[in-house]
Amino acid sequence: MIDKNNKVLLGMSGGTDSSVAAILLMEAGYDVTGITFRFYEKDNNTEYLEDAAELCNRLGIRHIIHDVREKFSQYIIDYFIKEYMSGRTPVPCTLCNNYLKWPILEEIADREGIYHLATGHYVQKVLNDEYWHIACGEDPDKDQSFFLWGLPQHIMERMLLPLGCLTKNRVREIAAEKGFIKVAKKKDSLGVCFCPMDYRSFLKNNVKENIMPGFFYDEDNNIVGKHEGYPFYTIGQRRGLGIYMNKALFVKDIYPEENKIIISDNIKSLEKDEFILTDWNIINPDILLGKDDVIVKIRYRKQANRCTVTKNENGMLHVELHEPLASIAPGQAAAFYRNNIVLGGGIVK
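Presented here is a report on the structure given in the accompanying data block.

## Re the nonpolar core
One broad trend across soluble globular proteins is that nonpolar side chains are buried collectively.
Right, so step 1: Counting 64 residues, the largest nonpolar core has Trp102 and Phe194 as the members making the most contacts within it.
Right, so step 2: In this structure, Phe194 is in contact with Tyr40, Phe72, Ile76, Ile77, Phe80, Pro92 and Phe202, ignoring residues within four places of it in sequence.
Right, so step 3: With 25 residues, the next largest nonpolar core counts Ile23, Leu55, Leu166 and Val171 among its residues.

Structure representation (structure tokens):
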């Protein structure tokens, strides 16, 4: 463990958030080093590297570029493809943050003799009964706490989160006030970084085997239409099915081996009152397991439900919902909260 000092390693994408984070950390008296990870470069576009280097140069801080494209491809992109090809719904941003981005940030900080780790995430952290927890950011539209339930204590202890108590509008104002007009006007990134708009096109271009059309079936096993291939659909999906009836239709089940998708016109038929989590992380079991006032979210910003969490005989987490919840898809992440503080999470089995 590095001795505590005033040095901080800041993940810098070249965007608005990490740029303002650098400004605020410097104003707070920290010795900032910016690091830009090369995770994925669509069409070999490296403009973001130039933007980050230019900003660090203007601020007079050291800048590091670290190439992790091979690891990112192996741990995130390959996982993303495999999950969809297994009929599951992947959560690449969750895995990237918990198992790649923050651990690599810590690894390089250790090597450089830097104690603090920072990013431009819109989250806060709190110390509760001697355990560090991620807490929701001040801006509900930008809060990213849902993605960080898997971080260990030794990383959270070292984290600095300068944007957690700010709104996005205020962050843009700060950039403009400091004279960084280009930074202030940068657009937010949307969706998954390596396929921001349509993951289906990404699968078509990157899956080795052919994705074949198949059939939609109703709950009585009658064919009701044709689909483009099971990986292009997720549990609970309503839009883009290509079936036109005078009622809403939802994807209920996916059977990859048969290239078969079950659809239903009854959202109630998609509801469950329990599910199982694997690959889980609990920060403090004493304040989560067996309690009846825990909130679970299975989607970013959506579907906050009361639940009770217990550990089953197989070492997995059993989540009992106090009210039924629709569209729980295998592969999704679930995050547990109380009073806007993250208690842990896991992956839906």
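On we go.
## Focus on helix H2 (residues 47–59)
An α-helical turn contains 3.6 residues, so a residue and the one three or four places further along point in the same direction.
Right, so step 1: The first and last C-alpha atoms of H2 sit 19 Å apart over 13 residues, in line with the 18 Å expected at 1.5 Å per residue.
Right, so step 2: When we look at burial in H2, the residues that qualify are Leu49, Asp51, Ala52, Leu55, Cys56 and Leu59. Each buried residue of H2 lies within a common arc of 165° when the element is viewed along its axis, so the set occupies one face. Seen from the open side of H2, the exposed residues pointing more than 90 degrees away from its buried face are Glu50, Asn57 and Arg58.
Right, so step 3: Gly60 lies just past H2 and shows a positive phi near 75°.

## Quick look at the sheet that holds strand E7 (residues 159–160)
Right, so step 1: Within the open sheet, the five strands sit side by side as E3-E2-E1-E4-E7. Their pairing is parallel. Sheet topology places strand E3 (62–67) and E7 at the edges, where each strand pairs with a single neighbour.
Right, so step 2: As judged from the two bridges shared by strand E4 (residues 116–118) and E7, these two strands associate in the parallel manner. The residue of E7 that forms the bridge with Ala118 is Leu160.

## Some words on the sheet that holds strand E10 (residues 250–255)
Two modes of strand pairing occur in sheets, parallel and antiparallel, and in both the strands are linked by backbone hydrogen bonds.
Right, so step 1: Across the sheet, four strands lie side by side as E9-E8-E11-E10; this open sheet has mixed pairing. Every other strand in the sheet has two partners, leaving strand E9 (223–227) and E10 as the edge strands with one partner each. Averaged over all adjacent pairs, the angle separating strand axes in this sheet is 30°, with direction ignored.
Right, so step 2: Relative to strand E11 (residues 260–264), strand E8 (residues 214–217) is paired through three bridges, and the arrangement is parallel. Counterpart to Tyr217 in the pairing with E11 is Ile262.

## Let's talk about the packing of aromatic side chains
Right, so step 1: Taken as a whole and assessed by the stated rule, the structure comprises eleven aromatic pairs.
Right, so step 2: A ring pair is formed by Phe146 and Phe147, whose centres lie 5.7 Å apart and whose planes are at 85°; its orientation type is edge-to-face. Here Phe146 and Phe147 have matching classes, each one buried.
Right, so step 3: Judged by centre distance (5.1 Å) and plane angle (50°), the rings of Phe194 and Phe202 are tilted.
Right, so step 4: Its end group placed over the ring of Tyr115, Arg158 keeps NZ or CZ at 5.4 Å from the ring centre.
Right, so step 5: We note Lys297 situated over the ring of Tyr337; from NZ or CZ to the ring centre the distance is 4.6 Å.

## What to know about the pairing of strand E6 (residues 131–136)
Right, so step 1: In the sheet, strand E5 (residues 123–128) pairs with E6 via six bridges, with the strands oriented antiparallel. By the bridge assignment, Val123 is partnered in E6 with Cys136.
Right, so step 2: Hairpin connection of E5 to E6: two residues between the antiparallel strands, including Asp129 at a positive phi of 55°.

## Things to note about the environment of Ser13
Right, so step 1: Within the fold, Ser13 resides in the loop between strand E1 (7–11) and helix H1 (16–27).
Right, so step 2: Put simply, Ser13 and Asp51 are 38 residues apart on the chain and 8.3 Å apart in space, counted from C-alpha to C-alpha.
Right, so step 3: For Ser13, the contacting residues outside a window of four places in its chain are Ser18, Tyr48 and Ala52.
Right, so step 4: Within polar-contact distance, the side chain of Ser13 engages the backbone nitrogen of Gly15 at 3.2 Å.

## A few points about the layout of surface pockets
To find leftover empty space, a probe the size of one water molecule is rolled over the atoms.
Right, so step 1: Of the voids in this model, the second largest pocket is the one considered here, and its volume is about 310 Å³.
Right, so step 2: What lines the second largest pocket is a set of 19 residues, among which Ile235, Asp253, Lys272, Ile328 and Pro330 lie closest to the centre.
Right, so step 3: Of all the elements in the fold, those that place two or more residues in the lining of the second largest pocket are E10 and strand E12 (271–282).
Right, so step 4: Examining the composition of the lining of the second largest pocket, we find that five residues originate from one element, E12, more than from any other.
Right, so step 5: Tallied by class, the residues present in the lining of the second largest pocket amount to ten nonpolar, three polar and six charged.

## Focus on the side chain of Glu106
Right, so step 1: Position of Glu106 relative to the elements: it lies in helix H4 (residues 92–112).
Right, so step 2: A residue is classified by how much of its surface remains accessible, and Glu106, at 12% relative accessible area, is buried.
Right, so step 3: When near neighbours in sequence (up to four residues on either side) are disregarded, Glu106 contacts Leu117, His154, Ile155 and Arg158.

## Quick word on unusual backbone geometry
Right, so step 1: Of note in this structure, Asp43 is not a glycine but carries a positive phi near 55°.
Right, so step 2: Its location among the elements puts Asp43 in the loop between strand E2 (31–38) and H2.
Right, so step 3: With a relative accessible area of 68%, Asp43 lands in the exposed category.
Right, so step 4: With a phi close to 65°, Asn340 is a non-glycine residue in the positive phi region.
Right, so step 5: You can see Asn340 is positioned in the loop between strand E16 (333–338) and strand E17 (341–348).

## Regarding the packing of helix H3 (residues 69–85) against H4
Right, so step 1: Where H3 meets H4, the closest approach of the two axes is 10 Å, and the angle between their N-to-C directions is 165°. Between H3 and H4, the angle is such that the two are roughly antiparallel. In terms of crossing hand, the pair formed by H3 and H4 is right-handed. On H4, the residues touching Lys71, Phe72, Tyr75, Ile76, Tyr79 and Phe80 of H3 are Pro92, Leu95, Cys96, Leu100 and Ile104.
Right, so step 2: The residue inventory of the contact of H3 with H4, partitioned by class, reads ten nonpolar, no polar and one charged.

Quick notes on the rules
- Residues numbered from 1 in each chain as written.
- Predicted model: local features only at pLDDT ≥ 70, side-chain atom pairs only at ≥ 80, totals over all residues.
- Heavy atoms only, no water.
- Core = buried A, V, L, I, M, F, W, Y, C linked by side-chain atoms within 4.5 Å.
- Buried < 20%, exposed > 50% of the residue type's maximum accessible area, 1.4 Å probe, protein only.
- Contact = heavy atoms within 4.5 Å.
- Helix = DSSP H or I, 4+ residues; strand = E, 2+ residues; numbered from the N terminus.
- Expected span 1.5 Å × (residues − 1).
- Arc of directions from axis to C-beta.
- Pairing = 2+ DSSP bridges.
- Axes fitted to C-alpha atoms, helices over the stretch in contact; angles between N-to-C directions.
- Phe/Tyr/Trp six-rings, centres within 6.5 Å; stacked < 30°, edge-to-face > 60°.
- Lys NZ or Arg CZ within 6 Å of the ring centre and 35° of its normal.
- Polar contact = N/O pair within 3.5 Å; in protein donor to acceptor, adjacent residues only side chain to side chain.
- 1 Å grid on protein atoms, 1.4 Å probe; cavity = no way out; pocket = protein on both sides within 12 Å on 5 of 7 lines; lining within 4 Å.
- Points joined across faces, edges and corners; volume = space filled by probe spheres on them.
- Nonpolar A, V, L, I, M, F, W, Y, C, P; charged D, E, K, R; others polar.
- Parallel < 35°, antiparallel > 145°, perpendicular 65-115°, else oblique.
- Left-handed = near helix turned anticlockwise from the far one by under 90°.

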